[in-house]
There are 4 protein chains.
Amino acid sequence: MSTTPAFTGVIPPVVTPRTSAGALDLPGLEAVVEHLVGGGMHGLFPLGSSGETPYLTDAERTQVLACVSSATAGRVPLLVGANEQTTARVIEEARKVAAGGADAVVITTPYYAIFDAAEVKRHFRAVAAAVDLPVFAYDIPVRTHFKLAPELLAELAHEGTLAGVKDSSGNDIAFRQLRLLTRELPGFAMFSGHEVICDAAMLSGADGLVPGLANVDPAGYRRLYDAAVSGNWETAVKEQDRLAELFRIVEVPDASRVSPGAGGLGAFKTALVQLGVIGANTMSQPMESLNAAEAARIGEILSTAGLL
Amino acid sequence: MSTTPAFTGVIPPVVTPRTSAGALDLPGLEAVVEHLVGGGMHGLFPLGSSGETPYLTDAERTQVLACVSSATAGRVPLLVGANEQTTARVIEEARKVAAGGADAVVITTPYYAIFDAAEVKRHFRAVAAAVDLPVFAYDIPVRTHFKLAPELLAELAHEGTLAGVKDSSGNDIAFRQLRLLTRELPGFAMFSGHEVICDAAMLSGADGLVPGLANVDPAGYRRLYDAAVSGNWETAVKEQDRLAELFRIVEVPDASRVSPGAGGLGAFKTALVQLGVIGANTMSQPMESLNAAEAARIGEILSTAGLL
Amino acid sequence: MSTTPAFTGVIPPVVTPRTSAGALDLPGLEAVVEHLVGGGMHGLFPLGSSGETPYLTDAERTQVLACVSSATAGRVPLLVGANEQTTARVIEEARKVAAGGADAVVITTPYYAIFDAAEVKRHFRAVAAAVDLPVFAYDIPVRTHFKLAPELLAELAHEGTLAGVKDSSGNDIAFRQLRLLTRELPGFAMFSGHEVICDAAMLSGADGLVPGLANVDPAGYRRLYDAAVSGNWETAVKEQDRLAELFRIVEVPDASRVSPGAGGLGAFKTALVQLGVIGANTMSQPMESLNAAEAARIGEILSTAGLL
Amino acid sequence: MSTTPAFTGVIPPVVTPRTSAGALDLPGLEAVVEHLVGGGMHGLFPLGSSGETPYLTDAERTQVLACVSSATAGRVPLLVGANEQTTARVIEEARKVAAGGADAVVITTPYYAIFDAAEVKRHFRAVAAAVDLPVFAYDIPVRTHFKLAPELLAELAHEGTLAGVKDSSGNDIAFRQLRLLTRELPGFAMFSGHEVICDAAMLSGADGLVPGLANVDPAGYRRLYDAAVSGNWETAVKEQDRLAELFRIVEVPDASRVSPGAGGLGAFKTALVQLGVIGANTMSQPMESLNAAEAARIGEILSTAGLL
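Residues numbered from 1 in each chain as written. Chains lettered and ligands numbered in written order. Predicted model: local features only at pLDDT ≥ 70, side-chain atom pairs only at ≥ 80, totals over all residues. Heavy atoms only, no water.

If you check an unreviewed UniProt entry, chain A appears there as 4-hydroxy-tetrahydrodipicolinate synthase from Paeniglutamicibacter sulfureus. Database annotation for chain A, UniProt heading Sequence similarities (unreviewed entry): "Belongs to the DapA family." (UniProt positions renumbered as here; feature names shortened; annotations may be inferred.)

Engineer: Could you clarify how one ought to interpret the interface of chain C and chain D in this entry?
Structural biologist: Often, the extent of an interface is quoted as the loss of accessible area upon association of its parts. Contacts between the two partners involve 41 residues from chain C and, on the opposite side, 41 residues from chain D. Surface buried jointly by chain C and chain D totals about 3700 Å² across both partners, of which 52% is contributed by carbon and sulfur atoms. Applying the counting criterion to the chain C and chain D interface returns six salt bridges. Across the salt bridge formed by Asp58 of chain D and Arg89 of chain C, the nearest N and O atoms sit 3.0 Å from each other. Our enumeration of links across chain C and chain D arrives at 22 residue pairs in polar contact (both at pLDDT 80 or more). Of the residues assigned to the side of chain C that touches chain D, the class counts are 18 nonpolar, 13 polar and ten charged. (Contact = heavy atoms within 4.5 Å. Buried area = accessible area lost by both parts, 1.4 Å probe. Salt bridge = Lys/Arg side-chain N within 4 Å of Asp/Glu carboxyl O. Polar contact = N/O pair within 3.5 Å; in protein donor to acceptor, adjacent residues only side chain to side chain. Nonpolar A, V, L, I, M, F, W, Y, C, P; charged D, E, K, R; others polar.)

Engineer: So what exactly am I meant to see when it comes to the confidence of the model for chain A here?
Structural biologist: The predicted coordinates should not be examined in detail at positions where pLDDT is low. Summing up the model confidence of chain A, the mean pLDDT is 97 and the portion of residues at 70 or higher is 99%. Here the predicted complex scores 0.96 on pTM and 0.96 on ipTM. (pLDDT = per-residue confidence, 0-100.)

Engineer: Any chance you could explain the relation of the copies chain A and chain B here in plain terms?
Structural biologist: Two chain copies, one operation linking them: a rotation about an axis together with a shift along it. Laying chain A over chain B is done by rotating through 180° and shifting 0.0 Å along the axis; what remains is an RMSD of 0.0 Å. On the angle and the small slide along the axis, the relation comes out as a two-fold axis. Of the C-alpha atoms belonging to chain A, the one lying closest to the rotation axis is found on Tyr112 of chain A, 3.8 Å away. An overlap of 100% is found between the interface residues of chain A and their copies at the interface of chain B, pointing to a shared contact surface. (Least-squares fit on C-alpha atoms with pLDDT ≥ 70 in both.)

Engineer: Sorry if this is basic, but what is going on with the side chain of Asp172 of chain B here?
Structural biologist: Locating Asp172 of chain B in the fold gives a position in helix 7 (residues 172-181). Lys147 of chain B is the oppositely charged side chain nearest to the buried, salt-bridge-free Asp172 of chain B, at an N-O distance of 8.5 Å. Those residues in contact with Asp172 of chain B, other than ones at most four positions away along the chain, are Ile197 of chain B together with Asp172 and Ile197 of chain C. (Helix = DSSP H or I, 4+ residues; strand = E, 2+ residues; numbered from the N terminus. Buried < 20%, exposed > 50% of the residue type's maximum accessible area, 1.4 Å probe, protein only. Lys, Arg positive; Asp, Glu negative; His and termini not counted.)

Engineer: Explanation requested: the relation of the copies chain C and chain D in the structure shown.
Structural biologist: In screw terms, the move from chain C to chain D is a rotation of 180° and a rise of 0.0 Å along the axis, fitting with an RMSD of 0.0 Å. Residue by residue, 100% of the interface of chain C is reproduced at the interface of chain D, so both copies engage with the same surface.

Engineer: Looking at this model, I keep getting lost on the pairing of strand 5 (residues 164-167) of chain C. Mind explaining?
Structural biologist: Where a strand is regular, its side chains alternate between the two sheet faces. Residues and elements named next belong to chain C. Where burial is concerned, the two faces of strand 5 agree: the one with Gly164 and Lys166 and the one with Val165 and Asp167 are both buried. Examined bridge by bridge, strand 4 (residues 135-139) and strand 5 share four bridges and lie parallel to one another. Of the residues in strand 5, the one forming a bridge with Asp139 is Asp167. Bridge count for strand 5 against strand 6 (residues 189-192) is four bridges, and the pairing is parallel. When the bridges of strand 6 are listed, Lys166 appears paired with Phe191. (Pairing = 2+ DSSP bridges.)

Engineer: Honestly, the arrangement of the chains in this entry has me stumped. Any pointers?
Structural biologist: Contact between chain A and chain C is absent, and the minimum C-alpha spacing across the pair is 12 Å. In this structure chain B stays clear of chain D, and the shortest span between their C-alpha atoms is 12 Å.

Engineer: Just checking my understanding: could you explain the interface of chain A and chain B for this structure?
Structural biologist: On the chain B side, the residues contacting the 41 residues of chain A number 41 residues. Taking both sides of the interface into account, the surface hidden between chain A and chain B amounts to around 3700 Å²; carbon and sulfur atoms contribute 51%. Seen at the junction of chain A and chain B, the total is six salt bridges. Secondary-structure elements contributing two or more residues to the side of chain A that touches chain B are helix 2 (58-72), helix 3 (87-99), helix 4 (117-130), helix 5 (141-144) and helix 11 (260-274) of chain A. A breakdown of the residues in the side of chain A that touches chain B according to their chemical character gives 18 nonpolar, 13 polar and ten charged.

Engineer: What is the right way to read the packing of aromatic side chains from this model?
Structural biologist: Each aromatic ring pair is summarised here by two numbers: the centre-to-centre distance and the angle between the ring planes. Tallied over the full model, the rule gives 22 aromatic pairs over all chains. Between Tyr111 of chain C and Tyr112 of chain D, the aromatic rings sit 4.4 Å apart at their centres with planes inclined by 35°, giving tilted as the arrangement. Of this pair, Tyr111 of chain C sits in the loop between strand 3 (104-107) and helix 4 (117-130) while Tyr112 of chain D sits in the loop between strand 3 (104-107) and helix 4 (117-130), placing the two residues on different chains. Judged on exposure class, the residue Tyr111 of chain C and its partner Tyr112 of chain D are both buried. Linked through ring pairs, Tyr111 and Tyr112 of chain A together with Tyr111 and Tyr112 of chain B together constitute an aromatic cluster. (Phe/Tyr/Trp six-rings, centres within 6.5 Å; stacked < 30°, edge-to-face > 60°.)

Engineer: So what exactly am I meant to see when it comes to helix 9 (residues 218-229) of chain B here?
Structural biologist: An α-helical segment advances 3.6 residues per turn. Residues three or four places apart therefore align on the same side. Residue and element names in this part refer to chain B. Here helix 9 contains twelve residues, and its C-alpha end-to-end distance of 17 Å stays within 8% of the 16 Å for a straight helix at 1.5 Å per residue. Here helix 9 has its buried residues at Pro218, Gly220, Tyr221, Leu224, Tyr225, Ala227 and Ala228. Those residues of helix 9 that are buried are in contact with strand 1 (9-10), helix 1 (26-38), helix 8 (198-203), strand 7 (208-209) and helix 10 (233-246). Gly231, located one to two residues past helix 9, shows a positive phi value of around 75°. (Expected span 1.5 Å × (residues − 1).)

Engineer: How do you make sense of the environment of Leu203 of chain C when you look at a structure like this?
Structural biologist: For Leu203 of chain C, the location among the structural elements is in helix 8 (residues 198-203). For Leu203 of chain C, a relative accessible area of 6% gives the class buried. In sequence terms Leu203 of chain C and Ser303 of chain C are 100 residues apart; their C-alpha atoms lie 29 Å from each other. Once you skip the residues sitting within four places of it in the chain, Leu203 of chain C turns out to touch Asp199, Ala200, Leu203, Trp233 and Val237 of chain B together with Trp233 of chain C.

Engineer: Any chance you could explain the sheet that holds strand 2 (residues 79-81) of chain C here in plain terms?
Structural biologist: The strands making up a sheet associate through backbone hydrogen bonding, with each pair oriented either parallel or antiparallel. All names here are of chain C. One open sheet accounts for seven strands, arranged 1-7-6-5-4-3-2; its pairing is parallel. The open sheet has two edge strands, strand 1 (9-10) and strand 2, and neither has a second partner. Across two bridges, the pairing between strand 1 and strand 7 (residues 208-209) is parallel. The residue of strand 7 that forms the bridge with Val10 is Leu209. Sheet strands in contact with helix 7 (residues 172-181) are strand 5 and strand 6, and its direction is about 165° off that of strand 6. (Axes fitted to C-alpha atoms, helices over the stretch in contact; angles between N-to-C directions.)

Engineer: Help me understand the packing of helix 4 of chain A against helix 6 (residues 150-158) of chain A, please; the structure alone is not making it clear to me.
Structural biologist: For any two helices packed against each other, one specifies the crossing angle of their axes together with the interaxial distance. Residue and element names in this part refer to chain A. Contact geometry for helix 4 and helix 6: axes closest at 11 Å, N-to-C directions at 30°. Of the possible angle classes, the one that applies to helix 4 and helix 6 is roughly parallel. Our pair here, helix 4 against helix 6, has a crossing hand that is right-handed. Residue-level inspection shows Ala117, Val120, Lys121, Phe124 and Arg125 of helix 4 in contact with helix 6, the latter providing Leu152, Glu155 and Leu156. Counted by class, the contact of helix 4 with helix 6 contains five nonpolar, no polar and three charged residues. (Parallel < 35°, antiparallel > 145°, perpendicular 65-115°, else oblique. Left-handed = near helix turned anticlockwise from the far one by under 90°.)

Engineer: Is there a simple way to think about the nonpolar core in this case?
Structural biologist: Nonpolar side chains in soluble globular proteins generally cluster together in the buried interior. Of all hydrophobic cores here, the largest spans 391 residues; its most connected members are Leu44 and Ile249 of chain A, Leu44 and Ile249 of chain B, Leu44 of chain C together with Leu44 and Ile249 of chain D. Leave out the neighbours within four places in its chain, and Leu44 of chain C touches Ile11, Pro12, Val14, Val33, Leu36, Val37, Val68, Thr72, Val76, Pro77, Leu78 and Leu79 of chain C. (Core = buried A, V, L, I, M, F, W, Y, C linked by side-chain atoms within 4.5 Å.)

Engineer: Sorry, what's going on with the side chain of Ser49 of chain C here?
Structural biologist: Positionally, Ser49 of chain C belongs in the loop between helix 1 (26-38) and helix 2 (58-72). Polar contacts involving the side chain of Ser49 of chain C include one to the side chain of Arg143 of chain C, which spans 3.3 Å. What Ser49 of chain C contacts, discounting residues up to four positions off in sequence, is Tyr138, Ile140, Arg143 and Leu265 of chain C together with Tyr112 of chain D.

The following block contains the structure:
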């Protein structure tokens, strides 16, 4: 462990654009990378949830990482998701992304499997032993149905298994407790993925941010981060409040037609179309894409936020 | 749809033995197949949850199906699990098992994904359209965290998307309601996976049974099924009560050491070792295997049940 | 403990009618009692969930029990709910219903409280020690958010704390396991509250039934019970299937207007209006009552079931 | 609605001491009130969860409020819990506490009942219409199993039904969203009950704090609050981190002996014994009290925090 985390700052989960016919849109993905690196992002996180990774075939995952890696060209580091059900499968996936240019891998607990905390520890240890990259735990109980307890994460941090955590648990109490448990461990990096309380996460001691909404407004999250690091909390809160209003684009999709999973990511993609970064807001099967009325409403919110 | 289900009877989910070193034990798997076919099973269900499929690599899944298919040699049909997170990935998996000799594929809803009922319908329809085999829905909310409602399943059954359901939901109210909703649809096959209430499932109109415990005592479940089909409910209940006592082998593992997922399957494997069918009770990573004391206690239960 | 349960047969949870102005309708309640006793019920269960007990004030609860007790006039025994949050409050409530004519009290685990299994045991033991009546556990995790495990219930049964269980857990696997664990304890009474699988519950060894739908068709459940006790399973299943179709009245209410809690009980009350037993289908605050269109549709289902 | 909230600052939920024999300890309760008012609290919140209200009989609730009201003698306002299952019962309880000296009532959604959002709105409206006091919503899904959505709360705030919210939901994303939705409504008061992220709650726009741990260290939370209000975030964070370490007293109880509900409140009571405020740490039935070893360990933590 180094004395400061190797990864800090804003590292957004990169969306995966598709053409209107449903194929991967690799030029669009390159444009997203430019949009993000140009927006001041400190790193990129491809093959995360916002990248629709659960919906990508193995071949598509390989293409996405190759494209992001090539487009980034080493300008910023890549945290890359290695998303699979259980240990042996995660190891295979992690080795693939390591070979594909990852600077760190981000993995969840087992899922679909019926497991317990002891298996979670063996899982993280086995993956960390099998790959020659820093391992980040991805804490996302809304998907895995298992909250990683601060004590468990702290144990894995102190023994050197984990280099950091990407927190999407919605549990800021546990986030703060983990920070206190790892205060003496400066190499352990804590990232929050919660778009609307990034200022509070920084106040609680986060090292960085992983908000999906940074796909839409990278510069805004960069300003928020910089203000927080400088102790300019009034500025950070003001920027956060603006971004929280922008985040209301995820409330636009009609819930009777678009699932919760499709709605949030679909709103990001739709905004990127409006911003001229990509050409289509098509979602992976079986998700519904947002329609014209929803796109128009999102355009209004982007205007109010000063992005159009 | 035919006028009677193409699949009826007892079709157990086949365990996947490993050597004590952790490799696939293919001779052991062949022995399990012989044990089950010889025990009167009407079909086999490889690559299900009892087969530790979530823990198998892609290569292992291919080897398991090839081995079961070869050992079965067409004596009974094969329902085969195609276990993946979302639509495009399930289609790839389903095509693989179709090529590997499956007579039907068994698939779940999406998981890890955040979805809704409309996506579930699109998911099943897309898979059914993409593979040239009957599709069974596998209803296992303890893993997928989504219960398939009777009305949703009935809709997919009536339109011809689904050929049947493998119910591991623990919800016999919904099971009965689905039976009533599909009474006029004789080609739709309903299977229950609940070891201790198979008699009640048959009374409620099940076409067949998929109990993991049938790995241990196939002949017992065959007797239960035959009694129920003949209307000999007193015999069916008596056999069920005996099997319910046998099922207490899953309570043997020490929960402070062995997870719930590992405990049940580990008990089946341990019993198969005691019965001389396989050589080791090794579990897939990161699950713990049962120890000698637990094996001894399981041996006692097998003796009481008249199996040793 | 006696050698046979003191309570067997069909003992429905009695609905609590209100006038269209919202006041308790005690003449209507008397009519419900006559309808049920006349329909062959072996006992009555006032102040249960179907009686809207959570919504009744203390004064209303006292009036309801006095009315049911007086109208029943000892013709059948009364199991009475003593519904409160925690131990001391349940004891006070249980003593009230004991004074009001209860032959047994039916109590849940604590709720709203944050508790564990050890507290549940102390809770049941304290209540049983404090009241001079048989105590039934009411297992309804959809309300209490705690499933009573078979082993816990069996322990309390064997030590004499519990005289029986009223199972509304939807978990027939656990119900069967509890039956096996109490087979040697003939004084322990097991009741199922699940309207559509009463035949299966009887096959699994239930001593009796507590279906809310028996408010609508007591004679039907009596026939089902008698057939099951006589081993006429074909008759029992046929009657169950008819009652399961009748139970579809609970699917009639528009879920966008009527909550799940209000819909089921509202359907029972609406059916009782159509049958001429009570005068209004008014629900307790804040529940919505069913409207005319819903009542008409329920009337059609009653006709199909041969009740109108 | 006034232009500023009538209630701001630190308003702790007051614990309810019992003698070692289990009776209410009213002199102890008076001492707690002095400890809290003397510690700079801006108000008191008796009959909340930390007051073991779910476990108090009706008579005890009346005694507790009378004692707190008398001991406070109008020095600070009283927010008082009116804890019951459903609308009519909450109204009765709310009228009781209004008569007992409450300056505002704090109520939850229905619980034990099976309800929906529309019933929740009717519930809050009916209670607000029936009592002549400001009504605070108490958002505590770990007990009620229903999260109050920001949009629902904002609607009730804007129409004047709710005067504020006491948030114990653990969901700071929703807390921030509610703040943004009520920014134009200065009379609406938002309180956070989360002991370890009070600084973050203040940054997000909270009007006040309701931490149970303030029973133990009222002055600490007062310092945190004052620092936050003054924009001295560095001081606020430092104080918060110290209090978060102090909060680890709730991790002391042995979870195999003491339930989660009993452990936290038992730790507060045990600390108050160590601080000489009350004489016994006895818990209400059926909760276990902390033992001598646990008390000793809590003493050590109090010492480290500079309180002993």
